[in-house]
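Take a look at the letters that make up each chain.
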Amino acid sequence: MAGNVMASRIFLLFESFMPRLSDRLQYQSIVDAEWNIIYDKMDKCVKSGAKVVLSRLAIGDLATQYFADRDIFCAGCVTEEDLQRVAAATSGTMQTTVNNIINEVLGSCELFEEKQVGNERFNIFSGCPSGQTATIVLHGGADQ
């Protein structure tokens, strides 16, 4: 939240939202449940048939490897502006959850490539159904 907040109500808490655990087995059951949630989210992405997964938030090493093992490209920390641009070009819809992924929300393109030009990597979506843009990358030969 940014800026000033007028006439706000303040809640002061001397408590944690973290559960208090009395033994190791309780801790392990919570860790196991969290792992199950993570794997369930990744499985839902795989089952959707997506070959490219882009996220506004960080993806993490576990998911990156999980997707790579299934020949799925993923990228995290993608700006919202870039996500909106990709959604517009591919006719996809940005989602806030991985639950109930239906074909109508998935974007499409004829070819997705990750190319390196100099020291920079670019993700290129070609043959997009709603794509009305072209990108030209100019790269000078001079050292800077």
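Residues numbered from 1 in each chain as written. Predicted model: local features only at pLDDT ≥ 70, side-chain atom pairs only at ≥ 80, totals over all residues. Heavy atoms only, no water.

(A) Layout of the side chain of Ser-48. Note on placement: Ser-48 falls in the loop between α1 (24-47) and β1 (52-54). Taking relative accessible area as the criterion, Ser-48 reaches 15% and is therefore assigned buried. Polar side-chain contacts of Ser-48 include one of 2.6 Å to the backbone oxygen of Cys-45. Look past the residues within four positions of Ser-48 in its chain and what remains in contact with it is Ile-101, Asn-103 and Leu-106. (Helix = DSSP H or I, 4+ residues; strand = E, 2+ residues; numbered from the N terminus. Buried < 20%, exposed > 50% of the residue type's maximum accessible area, 1.4 Å probe, protein only. Polar contact = N/O pair within 3.5 Å; in protein donor to acceptor, adjacent residues only side chain to side chain. Contact = heavy atoms within 4.5 Å.)

(B) Representation of the packing of aromatic side chains within the structure. Under the defined criterion, the tally for this structure stands at five aromatic pairs. Between the aromatic rings of Tyr-39 and Tyr-66, the centroid separation amounts to 5.8 Å while the plane-to-plane angle is 65 degrees, which identifies the pairing as edge-to-face. Of this pair, Tyr-39 sits in helix α1 while Tyr-66 sits in helix α2 (residues 61-68), and the two are 27 residues apart along the sequence. With a relative accessible area of 34%, Tyr-39 lands in the partly exposed category. Pairing Tyr-66 with Phe-67 gives two aromatic rings, centres 6.0 Å apart and planes at 75 degrees, and the pair type is edge-to-face. (Phe/Tyr/Trp six-rings, centres within 6.5 Å; stacked < 30°, edge-to-face > 60°.)

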